[in-house]
Amino acid sequence: MFFAFVRKEGKHVLRDRRSLLILLGLPVVMMTLFGFALSNEVKNSNFIVVDRVPDAESIALTARLDESRYFTFVGKVRDEAEIQSYFRRGAARLALVFPAGFDHEMRHLGHSQLRLIADDSDPNTANTVSSYASVIIAQYQAELASGPPGSGGISVEARMLYNPQLKSSYMFVPGVMTLIIMLLGAMMTSVSIVREKERGTMEVLLVSPMNPLMVITGKAVPYMLLCLVDVLIILLLSYGVLDMPGGANIPLLIAESTLFILTTLALGLVISNAVQQQQTAMFVSLVGLLMPSLVFSGFMFPIENMPLPLQVISHVVPTRWFYQIASSIMIKHLGFAAVIKPTLVLVGMTLALLMVSWRTFKQRL
Amino acid sequence: MSEWVIEAEQLTRRFGDFTAVDNISLQVAPGEIFGFLGANGAGKTTAMRIFCGLLEPTSGRARVAGFDAMSEAEKIKQQIGYMSQKFSLYGKLTVKENIRFFAGIYGLSRRELKEKSAEIVDRLGLASSADKQVDELPLGWKQRISFAVATVHKPKVVFLDEPTGGVDPIVRRQFWDMIYESAASGMTVFVTTHYMDEAEYCDRISIMVDGAIAVMGKPAELCAQHGVATIEDVFVSLARKATRQGD
Amino acid sequence: MSATAQSDSAVRVEGLCKSYVKDGSPALSDLSFEVGKGELFGLIGPDGAGKTTLIRILTTLLLADRGTASVQGLDVVKDFRSIRRLVGYMPGRFSLYQDLSVAENLAFFATVFGTTVEANYHLVADIYQQLEPFRDRLAGKLSGGMKQKLALCCALIHAPSVLFLDEPTTGVDPVSRKDFWGMLGRLRDSGITILVSTPYMDEAARCDRIALLQHGKIIAMDSLAAMLASHATETFAVRGERPFAILQDLRAYPGTRYCFAFGQEHHLVLHHDAGGPAAASAYLRERGHGEVGIRRIEPNIEDVFIGLMHEQSKELRGQAASELGHE
């Protein structure tokens, strides 16, 4: 009997071609967007140089940056006031300020007062751009072999720790996966249950011996499968197209994804109990879930940089925990032991949400 | 220019291989109340959409208020009013706001708007409810306000798509009083209904079967021709012969 | 509760009240009635009369504010699970899966009620045969009449003992309506109790008994024949060349109590001291209407409703008068 529900729900999903296309196309589109357009990676950023007393070293380092695929040299300026005008026009993102005698200091002291000034009107990009430059400078310095690498007086950001090749196009995969599961799991289930309320079919199902919870769980199954299909699509794209380095524990990742899918389905059930119209369900899922998910997952904005109240809030956002799990497994290649805590948090959240949806389910209209 | 307000000549509309409207011809005179009957799926809605300039005919010609339904659809829209059971009014706006909004669409001046809305409120006896949100009013009132709104710009023709569903016999008749009044002032009324007694209030009716007009004429004459007492009997005997199902 | 009450009434409603918080006006006020087993009972009234609220309370979907109701002797609040097993319900909105085919819908609803289409096919065979040619068509693509037939099949497939139908014929053309009532009649003959609501007064003739509902109250309840017989108001049909003009003149005539259009004729009720139809006829001639036919007729259900509303509005001048508009 349960199977009849799953089959019916499967038909709904398969016959609604447009939604199906969205469901399966979404991961592809998001991967492409993040992979090529929206990635944190900054290619061909223009930079300028303040170099009052050019010497061999400063010229070589400028050339080195220019050669890299991340930076393009666009000009020399005389002072820092001029830097501002470049930044304001958006003509450059980064400025390198060489001290007089850079050559000498580098060779004999092993460090120097080289300053990086980034256009921080876009802090994220500024951060990335200066990190990249730091790494290139450190590499350059190491090659000089006149001092230990990384001692160029410019600290290399911790966020680059797991991305030593400066190749970040796959860094967003755990984040995209988190968002897609959240979106599909919560929104699709809530919308499809609320659709039954709106169309009046729920009324008929209520006036039947069947426990309507059966109907609802029957709904969850196809969406769960669909979410798993999306996870697979994402993995295929990451390893096939984005050259994500292998070594992650894939079965563990899929098991954790399944857990997170359950969390989002439970969340969808809670929403569907509370609202009466498809539009409301959609709105609540989008604004009420997607936005906090995006903000508090740590995917777009590092949580540790947030003010304390927001950091506290982030603890109740499920995406934060799954993002932690997914990036640990996919990027850091860690095992189950490393993700036990977030896993337990998700299990707890899922059970709590199921309890709430059980309690709030109405046996009447 | 012809004397007819609505004129259809061998009008046909196909959707793929399905002929929704099959070669219909009809003329409606100014001030006439024309009942456009047919079973669900007989093609009434499609024909009505063509007359309102919302849909192009596959072949044939339709003229409404002197304009060609195919090439001058935009001009037609200035000359007609339309009311259906489904779309009527904005529930969260007050009666007055609805009237002003719809009258505004038809480009009435500010002064005209004021006069009109006062006139409608007065005519419908709504003075005490004019500032109430439409949602709070009984269905029968909403229908009458919808009709007033659909005719606010004094159109030559008003199309009514099942205007009186779900209201009690008295309210239904009050609605028809409004129809009579408008027709008496020269407005043509083109109406679909499932109430067969309402069909008998019309000057002339047509009954569509399978996309074509099966009969057309004065209700009393049609009853006489078929040797029955009511239009319902005429309708049932015709619609029983229909071969197609579904829309 | 006595055993006899259980055995002869399928539905029993006592002092039922329900109001929605939103506007505070009662949807149902102090409603009481019984439906006998095997009866085809019609709830007739316009939108907003309280039909849907009543049916939802009886199908255990809503809770009443006050009063009690039982179906087959089972309390709608306490025993709601048992009731859900024995009733069939067809809500007012088309409530099937539009993206499933005719056959898939029927099979699904059979499963919901723990049965199969094969096991109970005999119950719906009569109706389903008409749908058979379209069994693979999506329910959303059926015509209005066909949708109603399919919904009825789905509500019947588990052999319910009481069937609740909320406005099954609204928006459906007269032919399909006639067919639909034919089916209901045959179902009643097979022993199923049917409670059906409708805004179409003419459908009263198809019911064993009817209740006329207005503003959440039953304004009359009886068999149609008895209701018509007890409506002692003399009613005349007036017919002439210019119907609208005649109607307006009749309403202006001092002897008229009320007058409404009925198809090609007007139904006229006169004051007792108005001098009867002869005087009315003379008045119309005076107004230049020439040949006007006036004859006494047997009132129909709409006459009864209008008469009752007229009586009521005399009692409550306030709101009802404004609804009646004309006097």
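Residues numbered from 1 in each chain as written. Chains lettered and ligands numbered in written order. Predicted model: local features only at pLDDT ≥ 70, side-chain atom pairs only at ≥ 80, totals over all residues. Heavy atoms only, no water.

Draft legend 1. Region of interest: the overall build of chain A. Across its full length, chain A carries 14 helices and four strands. Out of the 365 residues in chain A, the part that is buried amounts to 51%. Pairs at least 24 residues apart make up 76% of the contacts formed inside chain A by residues separated by at least 6 positions. Of the roughly 16,800 Å² that chain A leaves accessible, carbon and sulfur atoms contribute 64%. (Helix = DSSP H or I, 4+ residues; strand = E, 2+ residues; numbered from the N terminus. Buried < 20%, exposed > 50% of the residue type's maximum accessible area, 1.4 Å probe, protein only. Contact = heavy atoms within 4.5 Å. Areas by Shrake-Rupley, 256 points an atom, 1.4 Å probe, with all protein chains shown as cover.)

Draft legend 2. Expanded view of the pattern of salt bridges. For the structure on display, the rule yields 42 salt bridges over all chains. Residue B:E119 pairs with B:K116 through a salt bridge whose shortest N-O separation is 3.9 Å. In this pair, B:E119 and B:K116 both sit in helix α4 (residues 110–123), three residues apart, roughly one turn of the helix. Here B:R172 and C:E302 are joined by a salt bridge, their closest N and O atoms 2.8 Å apart. A residue pair is termed interchain when its members come from two chains, as with B:R172 in helix α6 (residues 169–184) and C:E302 in helix α11 (residues 301–315). There is no split in this pair, since B:R172 and C:E302 are both buried. One network of salt bridges, in which partners are shared, links B:R172, B:R173, B:D197, B:E198 and C:E302. (Salt bridge = Lys/Arg side-chain N within 4 Å of Asp/Glu carboxyl O.)

Draft legend 3. Molecular detail of the domain arrangement of chain A. Domain parsing of chain A yields domain 1 (45–161) and domain 2 (169–360). On a C-alpha basis, the centres of domain 1 of chain A and domain 2 of chain A stand 42 Å from each other. (Domains from an automatic or database assignment.)

Draft legend 4. Just the interface of chain A and chain C, in detail. The interface is formed by 24 residues belonging to chain A together with 32 residues belonging to chain C. Interface area for chain A against chain C, summed over the two sides, is near 2,700 Å², with a carbon-plus-sulfur share of 61%. Among the residues of chain A in contact with chain C, A:V207, A:P209 and A:R364 are the three that bury the most area, contributing 27% of the side total. For the pair chain A and chain C, the interface holds four salt bridges. Salt-bridge contacts for C:E104 lead to A:K11; the nearest nitrogen and oxygen are separated by 3.3 Å. Here chain A is connected to chain C by twelve residue pairs in polar contact (both at pLDDT 80 or more). Of all elements in the fold, only α1 (2–15), α7 (173–199) and α8 (201–206) of chain A reach the threshold of two or more residues within the side of chain A that touches chain C. Among the elements that take part in the side of chain A that touches chain C, α1(A) stands out by supplying six residues, more than any other. Here the side of chain A that touches chain C is composed, by residue class, of ten nonpolar, five polar and nine charged. (Buried area = accessible area lost by both parts, 1.4 Å probe. Polar contact = N/O pair within 3.5 Å; in protein donor to acceptor, adjacent residues only side chain to side chain. Nonpolar A, V, L, I, M, F, W, Y, C, P; charged D, E, K, R; others polar.)

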